[in-house]
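Remarks on the overall topology
As a plain string of letters, each chain reads:
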Amino acid sequence: MESITINIHNPSLTSKVTWFLKQLEADGLEIISKEDFQDLKALKATRGEESISFSDYLNNENQDT
C-alpha cells in the first residue's frame, strides 16, 4: 500500500479535490484525514498494553487512585 499526503491551501479547492477522490473509492482508494490518521497511530500504539474489562473500569471509576 502506498500513502500520499495532499496539502490544500485554497479552502474552496478542498471540496473539489474531495469529490474527485471519492470517485475512486470504489476502485480501492481509502481516504483518511490527517487527524484520523494520528488517532489511528495512537490507537495502534496501545494495542500491546494490558487492558481491563469495561465492567472493571466502571467499578473502579469513582475510586481515588
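Described below are features of the structure shown in this document. Throughout, residues of each chain are indexed from 1 in the direction in which the sequence is written. Local features are withheld for residues below a pLDDT of 70 in this predicted model, meaning they are given only at 70 or higher, and side-chain atom pairs are given and counted only at 80 or more; totals for whole chains, interfaces and linings count all residues. Side-chain descriptors were evaluated using all non-hydrogen atoms of the structure, hydrogens and water having been removed beforehand.

Take the overall build of the chain next. Counting its secondary structure elements, the chain contains three helices and zero strands. Walking the chain from its N terminus toward its C terminus, one meets helices and strands in the order α-α-α. At 19 Å, the chain has a C-alpha radius of gyration far larger than the 11 Å of a compact globule built from 65 residues. Each principal axis of the C-alpha atoms in the chain carries an extent, and together these give about 50 × 25 × 20 Å. Only protein chains enter the accessibility calculation, which uses a 1.4 Å probe. A residue is then buried if its area is under 20% of the maximum for its type, exposed if over 50%, and partly exposed in between. Across the 65 residues that make up the chain, the buried fraction comes to 2%. With the model as given, the accessible surface of the chain reaches about 6700 Å², and the carbon-plus-sulfur share is 52%. Charge assignment: positive for Lys and Arg, negative for Asp and Glu; neither His nor the chain ends contribute. Lysine's charge is taken at NZ, arginine's at CZ, aspartate's at CG and glutamate's at CD. Where the 6 positive side-chain charges of the chain centre and where its 12 negative ones centre are 11 Å apart. Secondary structure elements follow DSSP: runs of H or I no shorter than four residues count as helices, runs of E no shorter than two count as strands, and numbering proceeds from the N terminus. Using C-alpha atoms as the atom set, the radius of gyration is obtained and then compared with a globule rule of 2.2 Å times the number of residues to the power 0.38. To measure how exposed things are, a 1.4 Å probe is used in the Shrake-Rupley method; for residues, cover is taken only from the protein chains shown.

Here we take up the layout of surface pockets. Over the atoms, a rolled probe matching the size of one water molecule traces out where space is still vacant. Every definition here rests on a 1 Å grid over the protein atoms only: cavities are sets of points where a 1.4 Å probe fits but cannot get out, pockets are open sets enclosed by protein on both sides within 12 Å along at least five of seven lines, and lining residues have some atom within 4 Å of a point. Grid points are joined across faces, edges and corners, and a volume is the space filled by probe spheres set on the points. A volume near 1000 Å³ is recorded for the largest pocket. Contributing to the lining of the largest pocket are 21 residues, with I4, T5, E30, I31 and I32 lying nearest its centre. By the convention adopted, Pro, Cys, Tyr, Trp, Phe, Met, Ile, Leu, Val and Ala count as nonpolar, Lys, Arg, Asp and Glu as charged, and the other residues, Gly among them, as polar. Across the lining of the largest pocket, the residue classes tally to 11 nonpolar, six polar and four charged.

Before going further, it helps to examine a nonpolar patch on the surface. Patch membership needs two things, relative accessible area over 30% and no salt bridge, and members are linked within 9 Å if like-charged or within 5 Å if nonpolar (Val, Leu, Ile, Met, Phe, Trp, Tyr). By definition here, a salt bridge exists when the distance from a side-chain nitrogen of Lys or Arg to a carboxyl oxygen of Asp or Glu is within 4 Å. A cluster of nonpolar side chains, W19, F20, L24, L29 and I31, forms an exposed patch at the surface whose accessible area comes to about 470 Å². As for its placement among the helices and strands, I31 is situated in the loop between α1 (11–22) and α2 (34–45).

Glancing now at the environment of L24. Position of L24 among the secondary structure elements: in the loop between α1 and α2. Given the relative accessible area of 31%, L24 is considered partly exposed. Along the primary structure L24 and K41 are separated by 17 residues, whereas in three dimensions their C-alpha atoms are 24 Å apart.

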